[in-house]
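Observations on chain architecture
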Amino acid sequence: MPESTVEKREFKSELKQILNIITHSLYSHKEIFLRELLSNASDAIDKIRFNSLQNEALVGADRDWKIQITPDAAVGTLTVSDNGVGMTREAIIEHLGTIARSGTREFLENLQQTEAATRPELIGQFGVGFYSSFMVADQVSVVSRAAGETQAVRWTSDGLGEFTVEPAERAGRGTDVTLHLKEEEKEFLQEWRLRSVVKQFSDFIEHPIVMEVEKKGEKDGKTLAEEVLNSRKALWLRSKGDVTPEEHNAFYRQVSGDFEDPAKVIHYAAEGTLEFKALLYLPKHKSFDLQFGEAKVGPRLYINRVQIMDHCEQVLPPYLRFVKGVVDCPDLPLNVSRELLQHNPLLEKIQKSVVKNIFQAMEEFRTADYDGYLALFGELGGILKEGLGRDWGNREAIANLLLFESLNTERGKFITLAQYLEAMRGDQADIYFMTGEDRGTLEHSPALEAFRRRGWDVLLLTDPIDGFVFPSLNDFKGKPLKPADRNAPSLPAEDQKKVEAAAESFKALLPALKDRLPQVKEVRLSSRLTDSAACLVPDEGGLDPHTERLLQKLRKSEEGESPRILELNPEHPAVQGLLKIHSADPSDPRIEDHARLLYAQALLAEGSKLPDPSDVIRRINQLLVKDA
Ligand code: ADP
């Protein structure tokens, strides 16, 4: 193809959907398009500045890092220019037409369904990047010249389905993004409007954002002069007491994209062998980028005020991905590639310190503002818990931060593991937990009757992730953690005797029941039931039924559950009745009815679904008819 032709391309189909939603259903906080463009420009400058440290020649003399905003009222355009790294023809096609950030479409579809009133926060948190330009423009053109190239490229689109690329001219390296504003969005040509949007969303961007503004001249009226619109403050370099809450709030909103204030500020300077500054924030809620697709993990990384990475994954483990902010470490080398930098052992040390400080801050938060912490935990506890399974070294510290409902606490109240330990009875050696769908089902679970009887507390875990991560927490402060449904305490001695005495009379019945219930592994007498007639217990090493159901759902598999053991309460009248029927006539057809109904009630009691409800209903009705 000759170089000079205009090439027409189609957006990738997923992007078309995204663009369609952006242009047709996002109506509020349209001004964030500017935040997205300024942040792209700033990233582009960071990239070239970083490259310049290894390759002087690539960068040349143009190092007056600057982002320029140019409104042109005569033609109705707004242009954002930078002297950053620029894009080649291939890069522009890839970045502005082919790939979409994963999770974006799911996010936007969800956004469409939520009430319009709540949208601004959502879109603010997620950021739809460059494409948000189409909220305010009916045509966008990008002219870019990559570092080291002489030829520039022009990309143009109306955001409907296609874009064009063609060769273009540009005086130097960098990118101009020009928006042809829609008629009703012309306010974005006005100086005051642009000033206020920059102040609100991009004030802390490190590079100067400049605009030509009118100044009153001495003699001849008005002249144009360039003015820097952003304050470019590096709050993290100041000492802790010198940053006001307002500054924190504004800075947090800009690094996180959140529209709310942070729940807690973590600001400290590490001193000694490794020196760095950290300014981190715990959010009040689970932002949408945490709920959809991949959230970018890690704070911004600076080396002496120079931003190196937008998200440094090496500084935070994924289970702390809700923590936002900045880490600035002058000890890191500036003159190596990003690749190499990411393997620098100092980052691991920074992570250790940062994680420790976050844990500490969370604990302080819990003590100082319990309700605030409870709300935070409700939003983010599920993410934090992932750490139990992933960060072996810190699992006790993570466990220490968790809040639990338990058998002995009122509904809606929570305890910590430390409180559980404190309240443990003298005759209790282990910590018990049970996973299930909700508190109600768990509370009534037959497996917990023996615990209630002895007054031992059981942690009630109802978060879907619990069943997966909790078993990795083998112990806490030296006390083993055990699933309650497999480790019921034995009954008091006198009750124990009763069970033993009953064993002889049930000798023939138990195998007869097993024959009629091929779905269970064994039928045996229970020493854990006081009120219920029957319960199901997992076989040694088997999963609890709740987690097994979740797994099946995740795998979308139909594979059956692992066979379990049916335990009967020998004292219960229903079980006694069955014993009587069997002693009178071991081939009585009612034995099968009763066996199945006992099995069915054990399933219902633990919150499982009946595999054959109509069969159960038929058998119940038979009994009802007989009683009439
Ligand atoms: P994000 O910034 O979240 O990656 P965008 O849709 O805003 O998503 O941008 C997509 C990509 O296009 C960027 O990652 C970058 O590679 C490229 N890009 C956008 N704007 C610029 C710019 N001004 N200079 C250089 N590259 C840019």
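For the structure, check the block above.
Residues numbered from 1 in each chain as written. Predicted model: local features only at pLDDT ≥ 70, side-chain atom pairs only at ≥ 80, totals over all residues. Heavy atoms only, no water.

**Regarding a negative patch on the surface**
Judged by side-chain charge, Asp 138, Asp 158, Glu 162 and Glu 184 come together as a negatively charged surface patch. Among the secondary structure elements, Glu 162 is positioned in strand 6 (residues 162-168). Relative accessible area serves as the criterion here: at 39%, Glu 162 is assigned to the partly exposed category. (Patch = residues over 30% accessible without salt bridge, like charges linked within 9 Å, V, L, I, M, F, W, Y side chains within 5 Å. Areas by Shrake-Rupley, 256 points an atom, 1.4 Å probe, with all protein chains shown as cover. Salt bridge = Lys/Arg side-chain N within 4 Å of Asp/Glu carboxyl O. Lys, Arg positive; Asp, Glu negative; His and termini not counted. Charge placed at Lys NZ, Arg CZ, Asp CG, Glu CD. Helix = DSSP H or I, 4+ residues; strand = E, 2+ residues; numbered from the N terminus. Buried < 20%, exposed > 50% of the residue type's maximum accessible area, 1.4 Å probe, protein only.)

**Quick look at the packing of aromatic side chains**
Tallied over the entire structure, the rule returns 20 aromatic pairs. Centroid distance Tyr 432 to Trp 456: 5.8 Å. Interplanar angle 20°. Geometry classified as stacked. Of this pair, Tyr 432 sits in strand 16 (residues 431-435) while Trp 456 is found in the loop between helix 16 (449-454) and strand 17 (459-461), placing the two residues 24 residues apart along the sequence. In this structure Tyr 432 comes out as buried when scored by relative accessible area, which is 5%. Assessed through its relative accessible area of 6%, Trp 456 is described here as buried. Joined through ring pairs, the aromatic side chains of Phe 204, Trp 236, Phe 251, Tyr 252, Tyr 281 and Tyr 302 make up one cluster. Sitting above the plane of the Tyr 373 ring, Arg 366 keeps its charged end 5.9 Å from the centroid. A cation over a ring is seen here: Arg 395 above Trp 392, with NZ or CZ 3.6 Å from the ring centre. (Phe/Tyr/Trp six-rings, centres within 6.5 Å; stacked < 30°, edge-to-face > 60°. Lys NZ or Arg CZ within 6 Å of the ring centre and 35° of its normal.)

**Thoughts on the pattern of salt bridges**
Using the criterion set out here, one finds 43 salt bridges in the structure. For Arg 321, the salt bridge identified is with Glu 386, shortest N-O distance 3.0 Å. Note that Arg 321 is positioned in the loop between strand 13 (306-309) and strand 14 (324-328) and Glu 386 in helix 12 (residues 370-390), a separation of 65 residues in sequence. On the basis of relative accessibility, which here comes to 15%, the residue Arg 321 falls in the buried class. Between Lys 385 and Asp 466 there is a salt bridge; the shortest N-O distance is 2.9 Å. You can see Lys 385 sitting in helix 12 and its partner Asp 466 sitting in helix 17 (residues 466-469), a full 81 residues away along the chain.

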